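Residues per chain, in single letters:
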Amino acid sequence: MNLCASTDGIFNNLSVPFNKVKAKSASYMAADLVSVGDSWLSFAIKKRLIEPIAGTEDQDWFKYLSQKWKVYLRRNDAGEIDPRGKIWAAPYRWGTTVIASKKSKFRKHNLAPIEDWKDLWQPELAGRISMVNSPREVIGSVLKYRGASYNSNDIDSQVAGGKIAVQQNLALLANQVRLFDSTYHLKAFAIGDVWVAVGWISDVLPAVKRMSSVAVVVPKSGASCLPFYFDIHIAIRAASRLETKQIGGRVRGPSPLIHQWIEFCLQTARALPFKQEVIPGASPSALESTLVKLPEELLEGKPSLDTNLIAGVLPAEILARFEFLEPLSEATLSDYEWLVVNLQKPAPVLMKRVQHYLSSLIQSFLARATLKS
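Residues numbered from 1 in each chain as written. Predicted model: local features only at pLDDT ≥ 70, side-chain atom pairs only at ≥ 80, totals over all residues. Heavy atoms only, no water.

(A) Spotlight on the pairing of strand S8 (residues 196-200). Counting buried residues along S8, five of its five residues qualify, which places the element largely inside the surrounding structure. The pairing of strand S5 (residues 90-102) with S8 spans five bridges and is classified as antiparallel. Residue pairing for S8: Val98 is matched across the bridge by Gly199. When strand S6 (residues 129-131) meets S8, the two strands line up parallel, connected through three bridges. Counterpart to Ser130 in the pairing with S8 is Ala197. (Buried < 20%, exposed > 50% of the residue type's maximum accessible area, 1.4 Å probe, protein only. Helix = DSSP H or I, 4+ residues; strand = E, 2+ residues; numbered from the N terminus. Pairing = 2+ DSSP bridges.)

Given below as structure tokens:
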């Protein structure tokens with residue numbers, strides 16, 4: 001096993017053109033399995049950076065996965081969810097989007113506690129929120145606020161008020177958020193520059209455990225599911241496309257032991273660190289399994305956290321409303337771009353707040369266009 005600092009780094013290495021990389025036995029090209037973030041899975045499939053996992057139907061680890069996972073993992077060669085597609089990955093962890101808030105500030109200013117997405121639009125929170133710089137999460141929060149789905153593929157017909165209403169709510173949210181930044185949103189929260197932070201559970205929980213008087217909630221109307229990820233999948237590297245002798249037999253296909261490794265990762269015992277909140281997130285089996293209360297001795301000495309999570313897992317009523325982030329259609333991607341480009345031009349102070357976000361989002365669309373070409 002070769003541990004890497006981030007899944008982004010893994011994906012960047014996998015994206016290097018095959019004819020520009022020197023494949024050696026310890027390189028990414030020689031790996032039988034790699035961790036790929038959920039947001040990159042469709043791109044990795046489309047660009048043939050990974051291969052489907054053969055023989056999954058006969059494996060116990062696959063048989064025991066819930067139907068939700070099986071539907072989500074089955075993709076066609078374009079990376080789209082397809083009931084006739086192949087299995088391209090195996091999940092070993094997942095998480096969700098959460099909202100952290102400073103209870104002391106809310107008490108001092110007599111504010112209602114955060115429970116759902118709509119609470120982010122409280123006028124008293126203007127300039128007091130930080131949020132991850134993710135188009136899916138930012139626009140997704142507006143869609144949830146409007147009572148729609150993260151995966152709305154036709155905003156005009158599926159969202160009350162259509163794109164105009166979403167654009168107006170997006171502008172209001174931009175007025176509320178002081179910082180759109182996936183790196184510094186929790187630092188701003190820690191030093192008190194903001195009272196609310198919206199981010200991924202894998203980042204938020206480790207950070208807030210070092211703080212006091214903090215509440216962490218999953219919005220009642222549901223949030224995004226991030227298979228690790230989100231959020232992480234195990235996928236077979238497409239090394240068999242390489243014409244080289246430097247990586248040995250790997251060019252003939254992946255190791256026959258890959259299914260044993262996946263089986264090991266998905267064992268029931270491997271879920272204990274998630275339940276003990278040593279590792280943020282949950283095992284794939286937690287998606288539909290009955291929650292089991294941990295023995296008191298395992299909880300002794302642990303700081304208590306004000307949260308609606310139960311052993312790191314969503315309560316059943318919220319779990320029923322959470323959503324996998326499905327790949328967006330080209331038309332929906334155009335809608336997202338339209339929402340940003342047509343964001344109303346408010347006061348200069350607000351424009352400074354959202355300038356970085358707009359720049360990042362536009363760059364993401366340019367990057368996507370580059371990948372297509």
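(B) Molecular detail of helix H15 (residues 330-341). In this model H15 runs 17 Å from its N-terminal to its C-terminal C-alpha over twelve residues, within 8% of the 16 Å that 1.5 Å per residue would give. All of the buried residues in H15 are Thr332, Leu333, Asp335, Tyr336, Leu339 and Val340. Down the axis of H15, the smallest arc covering the buried residues is 155°, so these residues share one side. (Expected span 1.5 Å × (residues − 1). Arc of directions from axis to C-beta.)

(C) Here's a closer look at the pairing of strand S9 (residues 214-217). In S9, alternate side chains face the same way, and those of Val214 and Val216 on one face and Ala215 and Val217 on the other are all buried. Bridging between S5 and S9 involves four bridges; their strand directions are antiparallel. Each residue of the ladder has a partner; that of Ser101, found in S9, is Ala215. With two bridges connecting them, S9 and strand S11 (residues 306-307) associate as parallel partners. From the neighbouring strand, Ala215 faces S11, where its bridge partner is Asp306.

(D) Highlighting the environment of Asp116. With respect to the helices and strands, Asp116 occurs in the loop between helix H5 (103-108) and S6. Using a relative accessible area of 12% as the deciding quantity, one classes Asp116 as buried. Residues Asp116 and Ala223 lie 107 residues apart in sequence; the distance between their C-alpha atoms is 9.6 Å. Setting aside anything within four residues of it in sequence, one finds Asp116 in contact with Pro219, Lys220 and Ser221. Polar side-chain contacts of Asp116 include one of 2.7 Å to the side chain of Ser221. (Contact = heavy atoms within 4.5 Å. Polar contact = N/O pair within 3.5 Å; in protein donor to acceptor, adjacent residues only side chain to side chain.)

(E) How the structure looks around the pattern of salt bridges. On inspection of all chains with the given rule, the structure shows six salt bridges. With a closest N to O distance of 3.1 Å, Lys144 and Glu323 form a salt bridge. Take Lys144: its relative accessible area is 10%, and that puts it in the buried class. Residues Lys163 and Asp335 are paired through a salt bridge, measuring 3.4 Å at the closest nitrogen-oxygen approach. With respect to burial, Lys163 and Asp335 carry one shared label: buried. (Salt bridge = Lys/Arg side-chain N within 4 Å of Asp/Glu carboxyl O.)

(F) The nonpolar core, seen in detail. Membership of the largest hydrophobic core comes to 83 residues, with the highest contact counts inside it found for Trp94, Leu120 and Val196. Every residue in contact with Leu120, bar those within four places of it in the chain, is listed here: Ile99, Ile114, Ile129, Gln176, Val196 and Val198. (Core = buried A, V, L, I, M, F, W, Y, C linked by side-chain atoms within 4.5 Å.)

(G) Representation of the confidence of the model for the protein within the structure. Across the protein, the average pLDDT comes to 78, with 72% of residues at 70 or higher. The least confident element of the protein, judged by mean pLDDT, is helix H16 (residues 348-372) at 47; the most confident is S6 at 96. (pLDDT = per-residue confidence, 0-100.)

(H) Spotlight on the packing of aromatic side chains. Applying the stated criterion across every chain, the model contains seven aromatic pairs. Summarising the aromatic geometry, the rings of Trp121 and Tyr145 are spaced 4.0 Å apart at their centres and angled 10° between planes, so their arrangement reads as stacked. Remark: Tyr145 occurs in helix H6 (residues 135-145) and Trp121 occurs in the loop between H5 and S6; sequence separation between them is 24 residues. Using a relative accessible area of 12% as the deciding quantity, one classes Trp121 as buried. (Phe/Tyr/Trp six-rings, centres within 6.5 Å; stacked < 30°, edge-to-face > 60°.)

(I) Summary view of the side chain of Ser152. Tracing the sequence through the fold places Ser152 in the loop between H6 and helix H7 (155-158). A relative accessible area of 3% means that Ser152 is categorised as buried. Within the local environment of Ser152, its side chain forms a polar contact with the backbone oxygen of Ser149, the two atoms lying 2.8 Å apart. In contact with Ser152, other than residues within four places in its own chain, are Leu143, Gln158, Val159 and Thr332.

(J) Region of the structure containing a nonpolar patch on the surface. A contiguous nonpolar surface patch, about 500 Å² in accessible area, is contributed by Met1, Leu3, Trp261 and Phe264. By the element assignment, Met1 lies in the segment before helix H1 (7-14). The class for Met1 is exposed, based on a relative accessible area of 81%. (Patch = residues over 30% accessible without salt bridge, like charges linked within 9 Å, V, L, I, M, F, W, Y side chains within 5 Å. Areas by Shrake-Rupley, 256 points an atom, 1.4 Å probe, with all protein chains shown as cover.)

(K) Summary view of the packing of H6 against helix H8 (residues 162-176). Between H6 and H8, the shortest axis-to-axis distance is 10 Å and the interhelical angle comes to 115°. The element H6 and its partner H8 pack so that their crossing is right-handed. Contacts between H6 and H8 involve Val138, Ser141, Val142, Leu143 and Tyr145 from the first element and Val166, Asn169, Leu170 and Leu173 from the second. In terms of residue class, the contact of H6 with H8 is built from seven nonpolar, two polar and no charged. (Axes fitted to C-alpha atoms, helices over the stretch in contact; angles between N-to-C directions. Left-handed = near helix turned anticlockwise from the far one by under 90°. Nonpolar A, V, L, I, M, F, W, Y, C, P; charged D, E, K, R; others polar.)

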